[in-house]
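# Structural overview for review
Okay, here's what each chain looks like letter by letter:
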Amino acid sequence: MDGRPYIIINMAQSINGMIAGSEGKRVVISSERDWRRVRELRRKCDAIMVGARTVMNDDPYLSTGDGDHTEDPKPARIVLDRRLKLKPESHVLDGKSRTIIFTSNMERTVNGAEIIRLKDNDLKISNILAHLYRIGLMKILVEGGKDVITQFLMEGIFDEFYLYIGNIIIEKGGLLLFDPSVNIKNASMETKVYDEGILMRLNPEKIKKVSKW
Ligand SMILES: NC(=O)c1ccc[n+]([C@@H]2O[C@H](COP(=O)([O-])OP(=O)(O)OC[C@H]3O[C@@H](n4cnc5c(N)ncnc54)[C@H](OP(=O)(O)O)[C@@H]3O)[C@@H](O)[C@H]2O)c1
């Protein structure tokens, strides 16, 4: 890869490691203060990236204000949607800020977004990032979901990783962020207490693998 944008990952999980309820149902995990922190991170980035299932399940605005209220600066919204299944009424297609979709669907069109069509095999995170770098998006906040985050972790492509652990337990059947097979490459960690939860910051400096215990 010639160059890539600076990558910040942000996620919130429950005490028992879940990022959503059963069938991907949205669960509020972040505290108010944590939300303010996330909105501040969004303001500092050129774009916010999510996977298609996050858009389908949560229908986020990915705005820098409350709800659909997007303040300046307006980061672009990037959706990874291999099959281009997004519903036309999705909030990310509301035209309030730039939206870019990466897909291998060569036919369907949607209003409210620029569509970048690549062959299935070319939809690798490294290719996608090289493309975003070429069009001048230099700092990207990756906000989920599990599938997308896992690809970044497995490739070791990130510069900062914030993980907020809220004071809730999501019952069995939820979506677990880290499968045991996921190897977080190049990460060390700092933690601090944040409201009723804990904010962890993982730094890509040291490798710590535990395969036997
Ligand atoms: N707690 C949190 O912080 C947080 C944040 C965001 C989302 N979430 C939760 O996470 C859940 C969704 O996570 P998820 O793992 O199911 O899905 P996801 O990562 O949001 O999206 C997966 C989708 O993106 C497509 N995709 C993934 N990588 C791609 C690539 N490189 N190029 C093109 N398309 C790509 C996949 O297509 P293919 O399957 O065809 O590859 C699939 O349709 C939601 O329920 C949401 O509530 C939680």
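Residues numbered from 1 in each chain as written. Predicted model: local features only at pLDDT ≥ 70, side-chain atom pairs only at ≥ 80, totals over all residues. Heavy atoms only, no water.

## Re the site of the ligand
Rule in force here: Residue proximity to a molecule or strand is established when one non-hydrogen atom of the residue lies within 4 Å of it. Whenever a nitrogen or oxygen atom comes within 3.5 Å of another N or O atom, the pair is scored as a polar contact, on the condition that within protein one atom can donate a hydrogen and the other can accept it, and that pairs from neighbouring residues in sequence are kept only if both atoms are in side chains. Per-residue and other accessible areas were derived by the Shrake-Rupley procedure at a 1.4 Å probe size, with only the shown protein chains allowed to occlude residues. Numbering of helices and strands runs from the N terminus, with a helix taken as a DSSP run of H or I at least four residues long and a strand as a DSSP run of E at least two residues long. Amino acids are sorted into nonpolar (Ala, Val, Leu, Ile, Met, Phe, Trp, Tyr, Cys and Pro), charged (Asp, Glu, Lys and Arg) and polar (every other residue, Gly among them).
The environment of the ligand is formed by 27 residues, the closest being Ala-12, Gly-24, Arg-53, Thr-54 and Asp-147. Between the ligand and the protein, one listed contact pairs an oxygen atom with a side-chain N or O atom of Asn-57 at 2.9 Å. Interatomic distance of 3.2 Å between a backbone N/O atom of Leu-80 and an oxygen atom of the ligand. Taking 940 Å² as the accessible area of the ligand by itself, protein coverage stands at 89%. For the shell around the ligand, the element with the most residues is helix 2 (residues 52-58), which contributes 5 residues. Of the residues in the shell around the ligand, the class split is 11 nonpolar, 7 polar and 9 charged.

## Remarks on the packing of aromatic side chains
Note the cut-off: Aromatic rings from Phe, Tyr and Trp, taking only the six-membered ring of Trp, are treated as a pair when their centres fall within 6.5 Å; an angle between ring planes under 30 degrees marks them as stacked, one over 60 as edge-to-face, and anything in between as tilted. Three labels apply to residues, based on accessible area from a 1.4 Å probe with only protein chains included: buried if under 20% of the type maximum, exposed if over 50%, partly exposed otherwise in between.
This model, assessed by the stated rule, comprises 2 aromatic pairs. Where Phe-158 meets Phe-161, the ring centres are 6.0 Å apart and the plane angle is 85°; that geometry is what we call edge-to-face. For Phe-158, a relative accessible area of 2% puts it in the buried group. We classify Phe-161 as buried; its relative accessible area is 0%.

## With respect to the pairing of strand 8 (residues 160-165)
Of all 6 residues in strand 8, 6 are buried; the element is thus mostly enclosed. Of the two faces of strand 8, the one carrying Glu-160, Tyr-162 and Tyr-164 and the one carrying Phe-161, Leu-163 and Ile-165 are both buried.

## Considering the nonpolar core
Quick note on the threshold: Think of a nonpolar core as a cluster: buried Ala, Val, Leu, Ile, Met, Phe, Trp, Tyr and Cys residues, connected wherever their side-chain atoms sit within 4.5 Å. Note on definitions: a residue-residue contact is assigned when non-hydrogen atoms from the two residues lie within 4.5 Å.
Counting 32 residues, the largest nonpolar core has Ile-9, Met-49, Ile-78 and Phe-152 as the members making the most contacts within it. Once you skip the residues sitting within four places of it in the chain, Ile-9 turns out to touch Val-142, Ile-149, Phe-152, Leu-153, Phe-158, Glu-160, Phe-161 and Tyr-162.

## Quick word on helix 4 (residues 146-155)
Residues lying three or four places apart along an α-helix face the same way, a consequence of the helix completing one turn every 3.6 residues. For helix 4, the set of buried residues is Lys-146, Val-148, Ile-149, Thr-150, Phe-152 and Leu-153. Where helix 4 ends, the next residue or the one after it, Gly-156, has phi of about 70°, a positive value.

## Regarding helix 1 (residues 32-43)
Going by this rule: In this scheme, a helix's expected span is set at 1.5 Å multiplied by one less than its residue total.
For helix 1, with 12 residues, the first-to-last C-alpha span of 17 Å sits near the 16 Å given by 1.5 Å per residue. Buried within helix 1 are the following residues: Asp-34, Arg-37, Val-38, Arg-39, Leu-41 and Arg-42.

## Focus: unusual backbone geometry
The omega torsion of the bond from Gly-144 to Gly-145 falls at -5°, within 30 degrees of zero and hence cis. As for its placement among the helices and strands, Gly-145 is situated in the loop between strand 7 (139-142) and helix 4. Although it is not a glycine, Asp-59 sits at a positive phi angle of roughly 45°. Of note, Asp-59 is situated in the loop between helix 2 and strand 4 (76-80). In this structure, Leu-62 takes a positive phi of about 55° despite not being glycine.

## Notes on the confidence of the model for the chain
The predicted coordinates of low-pLDDT regions are not to be read in fine detail. Short version of the rule: pLDDT expresses, on a scale from 0 to 100, how confident the predictor is about each individual residue.
Of all residues in the chain, 90% attain a pLDDT of 70 or more, and the chain-wide mean is 88. This stretch, residues 206-213, has a pLDDT under 50; its non-local contacts, to residues over four places away or in other chains, come to 5 contacts.

## What about the side chain of Thr-64?
One can find Thr-64 in the loop between helix 2 and strand 4. In contact with Thr-64, not counting residues within four places along its chain, are Arg-39, Arg-42, Arg-43, His-69, Thr-70, Glu-71, Pro-73 and Pro-75.

## Notes on the side chain of Arg-37
Along the chain, Arg-37 turns up in helix 1. At 2.7 Å, the side chain of Arg-37 forms a polar contact with the side chain of Asp-34. If sequence neighbours within four positions are ignored, Arg-37 has contacts with Asn-10, Tyr-162, Tyr-164, Tyr-194 and Leu-199.

## Let's talk about the environment of Glu-89
Of note, Glu-89 is situated in the loop between strand 4 and strand 5 (99-103). Judged by its relative accessible area of 56%, Glu-89 falls in the exposed class. Distance in space between the C-alpha atoms of Glu-89 and Gly-112 is 9.9 Å, their sequence separation being 23 residues.

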